[in-house]
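Here are the chains, one letter per residue:
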Amino acid sequence: MFIGVDLGTSAVKLLLMDDDGRIVKSISKEYPLFFPKDGWSEQNPEDWYQQSIAGIREISEGFTGSINGIGIGGQMHGLVVLDENDEVIRPAILWNDGRTQDEVDYLNNEIGREKLSEYTGNIAFAGFTAPKILWMKKNEPENFSRIRKVMLPKDYIVYKFTGVSSSDYSDAAGMLLLDTKNKRWSKEMIDICGIKEEYLPTLHESYDAVGTVLPEIMSQLGLTGEIKVAAGAGDNAAAAIGTGACGAGKCNLSLGTSGTIFITSDKFLVDEYNSLHSFCHADGGFHLMGCMLSAASCNKWWMDDVLNDSDYAAEQAKMNKLGKNSVFFLPYLMGERSPYNNPRLRAAFMGMRMDSSREDMSLAVLEGVAFGLRDSLEVARSLGIEVTESTICGGGAKSPLWRRIIANVMNLKLLTPENDEGPALGGAILAAVACGHYKDVAEAKEKIIRYKEEVVPEPELTALYEERYKEYKKYVGAVLPLY
(Lines give C-alpha, C1' and ligand atoms only; values in the text may rest on other atoms or scores of the structure.)
Protein backbone atom coordinates (compact mmCIF):
# COMPACT_ATOMS: atom_id res chain seq x y z
CA MET A 1 0.00 0.00 0.00
CA PHE A 2 1.08 3.57 -0.68
CA ILE A 3 0.03 6.87 0.88
CA GLY A 4 -0.40 9.92 -1.32
CA VAL A 5 -0.48 13.37 0.25
CA ASP A 6 -1.68 16.69 -1.16
CA LEU A 7 -0.40 19.50 1.06
CA GLY A 8 -2.81 22.20 -0.06
CA THR A 9 -3.50 25.79 0.95
CA SER A 10 -6.58 25.07 3.04
CA ALA A 11 -6.10 21.41 3.98
CA VAL A 12 -3.91 18.35 3.65
CA LYS A 13 -5.61 15.57 1.70
CA LEU A 14 -4.43 11.98 2.02
CA LEU A 15 -5.31 8.76 0.26
CA LEU A 16 -4.37 5.11 0.61
CA MET A 17 -3.70 3.33 -2.70
CA ASP A 18 -3.29 -0.43 -3.05
CA ASP A 19 -0.75 -2.15 -5.29
CA ASP A 20 -3.26 -2.31 -8.15
CA GLY A 21 -3.74 1.44 -8.11
CA ARG A 22 -7.14 1.38 -6.41
CA ILE A 23 -7.93 4.10 -3.88
CA VAL A 24 -8.93 2.38 -0.66
CA LYS A 25 -9.57 5.43 1.51
CA SER A 26 -9.17 9.20 1.45
CA ILE A 27 -9.49 11.92 4.07
CA SER A 28 -8.84 15.64 4.53
CA LYS A 29 -7.51 17.65 7.47
CA GLU A 30 -7.90 21.43 7.50
CA TYR A 31 -5.59 24.08 8.95
CA PRO A 32 -5.78 27.86 9.18
CA LEU A 33 -4.58 30.45 6.69
CA PHE A 34 -3.48 33.86 7.99
CA PHE A 35 -3.60 37.29 6.33
CA PRO A 36 -1.67 39.52 8.78
CA LYS A 37 -1.56 42.47 6.35
CA ASP A 38 -3.24 43.41 3.10
CA GLY A 39 -1.80 41.20 0.36
CA TRP A 40 0.02 38.88 2.80
CA SER A 41 -0.71 35.16 3.06
CA GLU A 42 0.96 32.92 5.65
CA GLN A 43 0.67 29.55 7.37
CA ASN A 44 2.33 27.81 10.29
CA PRO A 45 4.41 24.84 9.03
CA GLU A 46 3.77 23.06 12.31
CA ASP A 47 0.07 22.96 11.41
CA TRP A 48 0.94 21.14 8.17
CA TYR A 49 3.04 18.63 10.07
CA GLN A 50 0.56 17.95 12.87
CA GLN A 51 -2.34 17.51 10.47
CA SER A 52 -0.25 15.26 8.21
CA ILE A 53 0.59 13.07 11.20
CA ALA A 54 -3.07 13.01 12.28
CA GLY A 55 -4.14 12.23 8.72
CA ILE A 56 -1.75 9.30 8.29
CA ARG A 57 -2.78 7.89 11.66
CA GLU A 58 -6.44 8.10 10.65
CA ILE A 59 -6.06 6.74 7.14
CA SER A 60 -4.01 3.75 8.32
CA GLU A 61 -6.24 2.98 11.33
CA GLY A 62 -7.53 -0.57 11.22
CA PHE A 63 -5.38 -1.42 8.22
CA THR A 64 -3.52 -4.70 8.68
CA GLY A 65 -1.34 -4.76 5.56
CA SER A 66 2.00 -3.06 5.03
CA ILE A 67 2.43 0.55 3.98
CA ASN A 68 5.51 0.72 1.80
CA GLY A 69 5.80 4.32 0.66
CA ILE A 70 4.66 7.92 1.01
CA GLY A 71 4.67 10.56 -1.74
CA ILE A 72 3.72 14.20 -1.27
CA GLY A 73 2.44 16.77 -3.73
CA GLY A 74 2.51 20.22 -2.21
CA GLN A 75 1.61 23.86 -2.69
CA MET A 76 4.51 25.47 -4.56
CA HIS A 77 6.71 28.53 -4.00
CA GLY A 78 6.16 28.89 -0.23
CA LEU A 79 9.16 30.00 1.83
CA VAL A 80 9.95 27.88 4.90
CA VAL A 81 13.14 28.85 6.77
CA LEU A 82 14.79 27.00 9.65
CA ASP A 83 17.53 28.09 12.06
CA GLU A 84 20.58 26.14 13.28
CA ASN A 85 18.35 24.25 15.73
CA ASP A 86 15.92 23.26 12.95
CA GLU A 87 13.28 25.57 14.42
CA VAL A 88 10.95 27.42 12.05
CA ILE A 89 12.06 31.07 12.09
CA ARG A 90 8.83 32.70 10.92
CA PRO A 91 5.48 31.67 9.42
CA ALA A 92 5.71 30.37 5.86
CA ILE A 93 5.12 32.99 3.16
CA LEU A 94 2.79 31.34 0.65
CA TRP A 95 2.42 31.15 -3.13
CA ASN A 96 -0.45 33.68 -3.17
CA ASP A 97 1.35 36.28 -1.04
CA GLY A 98 1.80 39.60 -2.84
CA ARG A 99 4.19 41.53 -0.59
CA THR A 100 7.27 41.17 -2.80
CA GLN A 101 6.51 43.56 -5.67
CA ASP A 102 9.55 45.73 -4.91
CA GLU A 103 11.78 42.66 -4.99
CA VAL A 104 10.15 41.41 -8.20
CA ASP A 105 10.74 44.80 -9.82
CA TYR A 106 14.36 44.74 -8.67
CA LEU A 107 14.93 41.28 -10.10
CA ASN A 108 13.14 41.87 -13.40
CA ASN A 109 14.32 45.43 -14.03
CA GLU A 110 17.71 45.75 -12.36
CA ILE A 111 19.07 42.22 -12.58
CA GLY A 112 17.07 42.00 -15.80
CA ARG A 113 14.59 39.59 -17.32
CA GLU A 114 17.11 38.28 -19.84
CA LYS A 115 19.60 37.45 -17.10
CA LEU A 116 16.94 35.78 -14.96
CA SER A 117 15.77 33.72 -17.92
CA GLU A 118 19.38 32.77 -18.64
CA TYR A 119 19.98 31.74 -15.02
CA THR A 120 16.66 29.94 -14.36
CA GLY A 121 14.52 29.78 -17.51
CA ASN A 122 12.00 32.11 -15.83
CA ILE A 123 11.47 35.69 -14.72
CA ALA A 124 10.42 36.86 -11.26
CA PHE A 125 6.81 36.63 -10.14
CA ALA A 126 5.50 37.83 -6.78
CA GLY A 127 4.64 34.30 -5.67
CA PHE A 128 8.10 32.83 -6.31
CA THR A 129 10.46 31.96 -3.47
CA ALA A 130 13.55 34.03 -4.35
CA PRO A 131 11.73 37.39 -4.05
CA LYS A 132 10.50 36.29 -0.62
CA ILE A 133 14.08 35.63 0.48
CA LEU A 134 15.05 39.12 -0.69
CA TRP A 135 12.05 40.55 1.17
CA MET A 136 13.23 38.87 4.38
CA LYS A 137 16.74 40.19 3.82
CA LYS A 138 15.43 43.74 3.55
CA ASN A 139 12.56 43.74 6.04
CA GLU A 140 13.51 41.09 8.62
CA PRO A 141 17.34 41.19 8.71
CA GLU A 142 17.53 39.51 12.12
CA ASN A 143 15.42 36.59 10.94
CA PHE A 144 17.36 36.47 7.67
CA SER A 145 20.68 36.17 9.52
CA ARG A 146 19.37 33.08 11.36
CA ILE A 147 18.58 31.11 8.18
CA ARG A 148 20.35 27.76 7.89
CA LYS A 149 17.82 25.85 5.77
CA VAL A 150 15.51 27.06 3.00
CA MET A 151 12.64 24.72 2.14
CA LEU A 152 9.41 24.43 0.23
CA PRO A 153 6.23 23.40 2.09
CA LYS A 154 6.12 19.70 1.17
CA ASP A 155 9.89 19.41 1.65
CA TYR A 156 9.44 20.52 5.26
CA ILE A 157 7.14 17.53 5.84
CA VAL A 158 9.61 15.21 4.11
CA TYR A 159 12.37 16.60 6.34
CA LYS A 160 10.32 16.11 9.51
CA PHE A 161 9.51 12.54 8.45
CA THR A 162 12.98 11.47 7.28
CA GLY A 163 15.57 13.92 8.62
CA VAL A 164 16.68 14.45 4.99
CA SER A 165 16.67 17.94 3.48
CA SER A 166 15.61 17.29 -0.11
CA SER A 167 13.56 18.70 -2.93
CA ASP A 168 12.50 17.57 -6.37
CA TYR A 169 13.10 19.38 -9.64
CA SER A 170 9.44 20.18 -10.36
CA ASP A 171 8.93 22.04 -7.08
CA ALA A 172 12.42 23.57 -6.99
CA ALA A 173 11.86 25.05 -10.46
CA GLY A 174 9.26 27.38 -8.93
CA MET A 175 11.75 28.97 -6.53
CA LEU A 176 13.64 31.07 -9.13
CA LEU A 177 16.77 29.49 -7.68
CA LEU A 178 17.04 26.51 -10.04
CA ASP A 179 18.90 26.38 -13.33
CA THR A 180 15.90 24.54 -14.74
CA LYS A 181 17.37 23.48 -18.07
CA ASN A 182 20.40 21.85 -16.42
CA LYS A 183 18.62 20.72 -13.22
CA ARG A 184 21.02 22.29 -10.72
CA TRP A 185 20.96 25.21 -8.32
CA SER A 186 21.82 28.53 -9.96
CA LYS A 187 24.93 29.94 -8.31
CA GLU A 188 24.09 33.38 -9.74
CA MET A 189 20.64 33.41 -8.08
CA ILE A 190 22.05 32.11 -4.81
CA ASP A 191 24.51 35.02 -4.80
CA ILE A 192 21.78 37.53 -5.67
CA CYS A 193 19.67 36.31 -2.75
CA GLY A 194 22.62 36.42 -0.33
CA ILE A 195 22.31 32.86 0.91
CA LYS A 196 24.59 29.81 0.77
CA GLU A 197 24.04 26.75 -1.38
CA GLU A 198 24.46 24.56 1.69
CA TYR A 199 21.18 26.06 2.99
CA LEU A 200 19.30 24.55 0.05
CA PRO A 201 18.06 20.95 -0.12
CA THR A 202 19.61 18.21 -2.26
CA LEU A 203 17.87 17.77 -5.61
CA HIS A 204 16.14 14.62 -6.89
CA GLU A 205 13.69 13.38 -9.47
CA SER A 206 10.19 13.27 -8.01
CA TYR A 207 10.07 9.46 -8.03
CA ASP A 208 13.39 9.01 -6.19
CA ALA A 209 13.29 7.55 -2.68
CA VAL A 210 15.04 10.15 -0.50
CA GLY A 211 14.81 8.37 2.85
CA THR A 212 12.66 6.33 5.20
CA VAL A 213 10.32 7.45 7.94
CA LEU A 214 12.27 7.90 11.20
CA PRO A 215 11.60 5.43 14.05
CA GLU A 216 10.24 8.15 16.35
CA ILE A 217 7.79 9.26 13.64
CA MET A 218 6.76 5.64 12.99
CA SER A 219 5.96 5.43 16.68
CA GLN A 220 3.79 8.56 16.49
CA LEU A 221 2.01 7.09 13.50
CA GLY A 222 1.47 3.76 15.21
CA LEU A 223 3.09 1.94 12.29
CA THR A 224 5.78 -0.70 11.99
CA GLY A 225 8.18 -1.82 9.27
CA GLU A 226 9.98 0.45 6.81
CA ILE A 227 8.27 3.18 4.82
CA LYS A 228 10.14 4.86 1.97
CA VAL A 229 9.47 8.52 1.25
CA ALA A 230 9.60 9.79 -2.34
CA ALA A 231 10.99 13.23 -3.16
CA GLY A 232 7.46 14.19 -4.23
CA ALA A 233 6.43 17.03 -6.51
CA GLY A 234 4.91 20.47 -6.76
CA ASP A 235 1.14 20.25 -6.62
CA ASN A 236 0.57 20.91 -10.31
CA ALA A 237 3.17 18.37 -11.43
CA ALA A 238 1.71 15.85 -8.96
CA ALA A 239 -1.80 16.57 -10.27
CA ALA A 240 -0.57 16.01 -13.82
CA ILE A 241 0.79 12.60 -12.79
CA GLY A 242 -2.49 11.83 -11.03
CA THR A 243 -4.50 12.65 -14.17
CA GLY A 244 -2.18 10.87 -16.60
CA ALA A 245 -0.60 13.99 -18.15
CA CYS A 246 2.89 12.57 -18.46
CA GLY A 247 5.08 12.00 -21.47
CA ALA A 248 5.50 14.67 -24.14
CA GLY A 249 2.55 16.53 -25.68
CA LYS A 250 -0.02 16.09 -22.90
CA CYS A 251 -2.09 18.77 -21.17
CA ASN A 252 -3.85 19.09 -17.81
CA LEU A 253 -6.15 21.84 -16.61
CA SER A 254 -6.52 22.32 -12.87
CA LEU A 255 -9.53 24.29 -11.69
CA GLY A 256 -8.85 24.79 -8.00
CA THR A 257 -8.32 27.88 -5.83
CA SER A 258 -5.90 28.89 -8.55
CA GLY A 259 -6.15 27.71 -12.14
CA THR A 260 -3.36 26.17 -14.17
CA ILE A 261 -2.73 24.87 -17.64
CA PHE A 262 0.08 22.32 -17.66
CA ILE A 263 1.63 21.28 -20.99
CA THR A 264 4.25 18.52 -21.01
CA SER A 265 7.39 18.34 -23.11
CA ASP A 266 10.45 16.14 -23.44
CA LYS A 267 12.61 19.22 -23.99
CA PHE A 268 13.12 22.52 -22.21
CA LEU A 269 11.05 25.35 -23.75
CA VAL A 270 10.82 29.09 -23.01
CA ASP A 271 8.39 31.56 -24.59
CA GLU A 272 9.64 34.96 -25.76
CA TYR A 273 8.27 37.01 -22.86
CA ASN A 274 8.48 34.32 -20.14
CA SER A 275 4.69 34.59 -19.83
CA LEU A 276 4.50 30.88 -18.98
CA HIS A 277 6.62 29.12 -16.39
CA SER A 278 9.26 26.79 -17.79
CA PHE A 279 9.51 24.07 -15.15
CA CYS A 280 10.59 20.45 -14.70
CA HIS A 281 7.95 17.73 -14.66
CA ALA A 282 7.61 14.95 -12.11
CA ASP A 283 8.05 12.29 -14.81
CA GLY A 284 11.64 13.39 -15.47
CA GLY A 285 10.81 15.70 -18.39
CA PHE A 286 9.76 19.35 -18.56
CA HIS A 287 6.58 21.37 -18.86
CA LEU A 288 5.18 24.81 -19.56
CA MET A 289 2.66 26.12 -17.06
CA GLY A 290 0.33 29.08 -17.02
CA CYS A 291 -1.09 29.95 -13.62
CA MET A 292 -4.00 32.28 -12.87
CA LEU A 293 -4.21 33.19 -9.20
CA SER A 294 -8.02 33.14 -8.92
CA ALA A 295 -10.00 30.39 -10.64
CA ALA A 296 -12.59 28.35 -8.73
CA SER A 297 -12.05 30.88 -5.93
CA CYS A 298 -13.72 33.48 -8.19
CA ASN A 299 -16.94 31.45 -8.21
CA LYS A 300 -16.63 30.76 -4.48
CA TRP A 301 -16.26 34.49 -3.79
CA TRP A 302 -19.22 35.34 -6.03
CA MET A 303 -21.52 32.65 -4.63
CA ASP A 304 -20.53 32.62 -0.96
CA ASP A 305 -19.51 36.19 -0.22
CA VAL A 306 -21.60 38.23 -2.67
CA LEU A 307 -24.75 36.19 -3.31
CA ASN A 308 -24.70 34.34 0.04
CA ASP A 309 -25.91 31.27 -1.83
CA SER A 310 -24.43 27.81 -1.36
CA ASP A 311 -26.50 26.08 -4.05
CA TYR A 312 -24.00 26.25 -6.90
CA ALA A 313 -25.85 23.71 -9.05
CA ALA A 314 -29.16 25.58 -8.86
CA GLU A 315 -27.46 28.84 -9.86
CA GLN A 316 -25.81 27.18 -12.85
CA ALA A 317 -29.05 25.54 -13.93
CA LYS A 318 -30.44 29.02 -14.73
CA MET A 319 -27.65 29.89 -17.16
CA ASN A 320 -28.86 29.79 -20.77
CA LYS A 321 -26.78 32.37 -22.64
CA LEU A 322 -23.65 30.36 -23.39
CA GLY A 323 -21.66 32.18 -26.04
CA LYS A 324 -24.15 35.08 -26.06
CA ASN A 325 -23.58 36.71 -22.68
CA SER A 326 -23.07 40.47 -22.90
CA VAL A 327 -21.45 40.63 -19.43
CA PHE A 328 -17.74 39.92 -18.94
CA PHE A 329 -15.80 39.22 -15.76
CA LEU A 330 -12.07 39.84 -15.50
CA PRO A 331 -10.90 37.21 -12.95
CA TYR A 332 -8.14 39.15 -11.18
CA LEU A 333 -9.30 39.13 -7.57
CA MET A 334 -5.74 38.62 -6.29
CA GLY A 335 -3.83 40.13 -9.20
CA GLU A 336 -2.59 37.85 -11.94
CA ARG A 337 0.44 35.75 -12.72
CA SER A 338 0.22 34.25 -16.22
CA PRO A 339 0.46 35.84 -18.66
CA TYR A 340 0.48 39.38 -17.20
CA ASN A 341 2.67 39.04 -14.10
CA ASN A 342 0.87 41.86 -12.30
CA PRO A 343 -0.14 41.40 -8.64
CA ARG A 344 -1.76 44.86 -8.69
CA LEU A 345 -4.32 43.86 -11.33
CA ARG A 346 -7.90 43.70 -10.03
CA ALA A 347 -11.16 42.08 -11.06
CA ALA A 348 -14.06 43.81 -12.80
CA PHE A 349 -17.46 43.20 -14.34
CA MET A 350 -17.68 44.79 -17.77
CA GLY A 351 -20.41 45.27 -20.38
CA MET A 352 -23.24 45.72 -17.88
CA ARG A 353 -26.58 46.99 -19.23
CA MET A 354 -29.97 47.81 -17.75
CA ASP A 355 -31.19 44.33 -18.66
CA SER A 356 -28.15 42.50 -17.25
CA SER A 357 -29.26 39.90 -14.73
CA ARG A 358 -27.84 37.95 -11.82
CA GLU A 359 -27.60 34.92 -14.10
CA ASP A 360 -25.58 36.93 -16.62
CA MET A 361 -23.11 37.90 -13.91
CA SER A 362 -22.87 34.37 -12.54
CA LEU A 363 -22.22 33.02 -16.04
CA ALA A 364 -19.66 35.77 -16.67
CA VAL A 365 -17.64 34.55 -13.67
CA LEU A 366 -17.39 31.02 -15.10
CA GLU A 367 -16.61 32.34 -18.57
CA GLY A 368 -14.02 34.82 -17.28
CA VAL A 369 -12.00 32.03 -15.68
CA ALA A 370 -12.16 30.05 -18.94
CA PHE A 371 -10.96 33.10 -20.90
CA GLY A 372 -8.14 33.60 -18.40
CA LEU A 373 -6.98 30.01 -18.90
CA ARG A 374 -7.13 30.46 -22.65
CA ASP A 375 -4.73 33.43 -22.39
CA SER A 376 -2.01 30.99 -21.33
CA LEU A 377 -2.99 28.40 -23.93
CA GLU A 378 -2.54 31.03 -26.64
CA VAL A 379 1.06 31.63 -25.49
CA ALA A 380 1.78 27.89 -25.82
CA ARG A 381 0.20 27.85 -29.27
CA SER A 382 2.46 30.74 -30.28
CA LEU A 383 5.40 28.36 -29.71
CA GLY A 384 3.95 25.96 -32.25
CA ILE A 385 2.63 23.57 -29.62
CA GLU A 386 -0.46 21.69 -30.80
CA VAL A 387 -2.93 20.93 -28.01
CA THR A 388 -6.21 19.27 -28.97
CA GLU A 389 -7.27 17.61 -25.72
CA SER A 390 -6.65 17.92 -22.01
CA THR A 391 -7.43 16.23 -18.76
CA ILE A 392 -9.17 18.39 -16.17
CA CYS A 393 -9.20 18.19 -12.38
CA GLY A 394 -9.89 20.29 -9.30
CA GLY A 395 -13.02 21.31 -7.42
CA GLY A 396 -14.35 23.53 -10.20
CA ALA A 397 -14.09 20.66 -12.68
CA LYS A 398 -16.94 18.88 -10.88
CA SER A 399 -19.32 21.29 -12.64
CA PRO A 400 -20.57 19.84 -15.98
CA LEU A 401 -21.50 23.34 -17.15
CA TRP A 402 -18.06 24.78 -16.38
CA ARG A 403 -16.37 21.88 -18.19
CA ARG A 404 -18.56 22.54 -21.23
CA ILE A 405 -17.72 26.25 -21.19
CA ILE A 406 -13.98 25.58 -20.92
CA ALA A 407 -14.04 22.94 -23.68
CA ASN A 408 -15.65 25.41 -26.07
CA VAL A 409 -13.75 28.53 -25.03
CA MET A 410 -10.42 26.68 -25.46
CA ASN A 411 -11.55 24.35 -28.28
CA LEU A 412 -10.21 21.31 -26.44
CA LYS A 413 -11.64 17.88 -25.78
CA LEU A 414 -11.67 17.46 -21.99
CA LEU A 415 -11.16 14.12 -20.24
CA THR A 416 -12.26 13.66 -16.65
CA PRO A 417 -10.29 11.02 -14.67
CA GLU A 418 -12.19 8.35 -12.77
CA ASN A 419 -10.39 9.43 -9.62
CA ASP A 420 -10.38 13.17 -9.05
CA GLU A 421 -7.67 13.02 -6.40
CA GLY A 422 -5.09 14.94 -8.44
CA PRO A 423 -1.95 15.69 -6.42
CA ALA A 424 -2.64 13.05 -3.75
CA LEU A 425 -2.97 10.29 -6.35
CA GLY A 426 0.14 11.65 -8.08
CA GLY A 427 1.97 11.43 -4.77
CA ALA A 428 0.91 7.82 -4.26
CA ILE A 429 2.04 6.94 -7.80
CA LEU A 430 5.44 8.55 -7.17
CA ALA A 431 5.71 6.57 -3.93
CA ALA A 432 4.95 3.33 -5.79
CA VAL A 433 7.66 4.08 -8.37
CA ALA A 434 10.11 5.02 -5.59
CA CYS A 435 9.46 1.64 -3.99
CA GLY A 436 10.09 -0.19 -7.27
CA HIS A 437 6.50 -1.36 -7.67
CA TYR A 438 6.46 0.24 -11.13
CA LYS A 439 9.58 0.71 -13.24
CA ASP A 440 8.68 4.31 -14.09
CA VAL A 441 5.86 6.85 -14.11
CA ALA A 442 4.79 5.88 -17.64
CA GLU A 443 4.13 2.28 -16.61
CA ALA A 444 2.21 3.42 -13.54
CA LYS A 445 0.04 5.72 -15.68
CA GLU A 446 -0.87 2.93 -18.09
CA LYS A 447 -1.91 0.60 -15.27
CA ILE A 448 -3.69 3.09 -13.00
CA ILE A 449 -5.24 6.07 -14.81
CA ARG A 450 -8.70 5.69 -16.35
CA TYR A 451 -11.20 8.29 -17.61
CA LYS A 452 -14.94 8.33 -16.96
CA GLU A 453 -16.27 11.02 -19.30
CA GLU A 454 -15.28 13.47 -21.97
CA VAL A 455 -16.56 16.81 -23.22
CA VAL A 456 -16.14 17.53 -26.92
CA PRO A 457 -16.19 21.09 -28.33
CA GLU A 458 -19.37 22.03 -30.21
CA PRO A 459 -18.46 23.85 -33.45
CA GLU A 460 -21.29 26.39 -33.25
CA LEU A 461 -20.63 27.22 -29.59
CA THR A 462 -16.87 27.28 -30.14
CA ALA A 463 -17.37 29.86 -32.89
CA LEU A 464 -19.52 32.03 -30.61
CA TYR A 465 -16.91 31.88 -27.86
CA GLU A 466 -14.17 32.76 -30.33
CA GLU A 467 -15.88 36.12 -30.83
CA ARG A 468 -16.54 36.56 -27.10
CA TYR A 469 -12.87 35.89 -26.37
CA LYS A 470 -11.84 38.63 -28.81
CA GLU A 471 -14.15 41.06 -26.98
CA TYR A 472 -12.82 39.87 -23.60
CA LYS A 473 -9.28 40.67 -24.77
CA LYS A 474 -10.36 44.23 -25.61
CA TYR A 475 -11.68 44.72 -22.08
CA VAL A 476 -8.46 43.33 -20.58
CA GLY A 477 -6.41 45.64 -22.81
CA ALA A 478 -8.42 48.62 -21.60
CA VAL A 479 -8.05 47.72 -17.92
CA LEU A 480 -4.34 46.79 -17.83
CA PRO A 481 -3.08 50.43 -17.93
CA LEU A 482 -5.17 51.25 -14.83
CA TYR A 483 -2.99 48.93 -12.75
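To be clear, the structure that these remarks concern was listed above.
Residues numbered from 1 in each chain as written. Predicted model: local features only at pLDDT ≥ 70, side-chain atom pairs only at ≥ 80, totals over all residues. Heavy atoms only, no water.

### Here's the deal with the packing of helix α10 (residues 296-306) against helix α12 (residues 358-382)
Logical step 1: Following both chains from N to C, one finds α10 and α12 inclined at 160°, their axes separated by 8 Å at the closest point. Judged by the angle between their axes, α10 and α12 are roughly antiparallel. Note on packing geometry: the crossing formed by α10 with α12 is right-handed. Along its contact with α10, which presents Cys 298, Asn 299 and Trp 302, the element α12 presents Arg 358, Met 361, Ser 362, Val 365, Leu 366 and Val 369.
Logical step 2: Residues that form the contact of α10 with α12 fall into these classes: 6 nonpolar, 2 polar and 1 charged. (Axes fitted to C-alpha atoms, helices over the stretch in contact; angles between N-to-C directions. Helix = DSSP H or I, 4+ residues; strand = E, 2+ residues; numbered from the N terminus. Parallel < 35°, antiparallel > 145°, perpendicular 65-115°, else oblique. Left-handed = near helix turned anticlockwise from the far one by under 90°. Contact = heavy atoms within 4.5 Å. Nonpolar A, V, L, I, M, F, W, Y, C, P; charged D, E, K, R; others polar.)

### Comments concerning the packing of aromatic side chains
Logical step 1: Counted according to the given criterion, the structure contains 16 aromatic pairs.
Logical step 2: Here the aromatic rings of Phe 371 and Tyr 465 are separated by 6.2 Å at their centres, their planes lie at 70°, and the arrangement is edge-to-face. In this pair, Phe 371 is assigned in helix α12 and Tyr 465 in helix α16 (residues 459-479), connecting sequence segments 94 residues apart. Across the pair, Tyr 465 and Phe 371 agree in class, each one buried.
Logical step 3: A cation over an aromatic ring shows up here: Lys 160 above the ring of Tyr 49, its NZ or CZ 4.5 Å from the ring centre.
Logical step 4: Looking at Lys 183, its charged tip hangs above the ring of Phe 286, at a distance of 5.3 Å from the centre. (Phe/Tyr/Trp six-rings, centres within 6.5 Å; stacked < 30°, edge-to-face > 60°. Buried < 20%, exposed > 50% of the residue type's maximum accessible area, 1.4 Å probe, protein only. Lys NZ or Arg CZ within 6 Å of the ring centre and 35° of its normal.)

### A look at the sheet that holds strand β24 (residues 451-455)
Logical step 1: The 7 strands lie next to each other as β18-β19-β17-β16-β22-β23-β24, forming an open sheet whose pairing is mixed. Two strands lie at the open edges of the sheet, namely β18 (277-280) and β24, each paired on one side alone. Taking the axes of each pair of neighbouring strands and ignoring which way they run, one obtains an average angle of 30° across the sheet.
Logical step 2: Note that strand β16 (residues 251-255) and strand β22 (residues 389-393) share 3 bridges and pair parallel. Among the inter-strand pairings, Leu 253 is bridged to a residue of β22, identified as Ile 392.
Logical step 3: Here α12 sits on the sheet and contacts β16, β17 (259-265) and β19 (286-292); the angle it forms with β17, its principal contact strand, is near 25°. (Pairing = 2+ DSSP bridges.)

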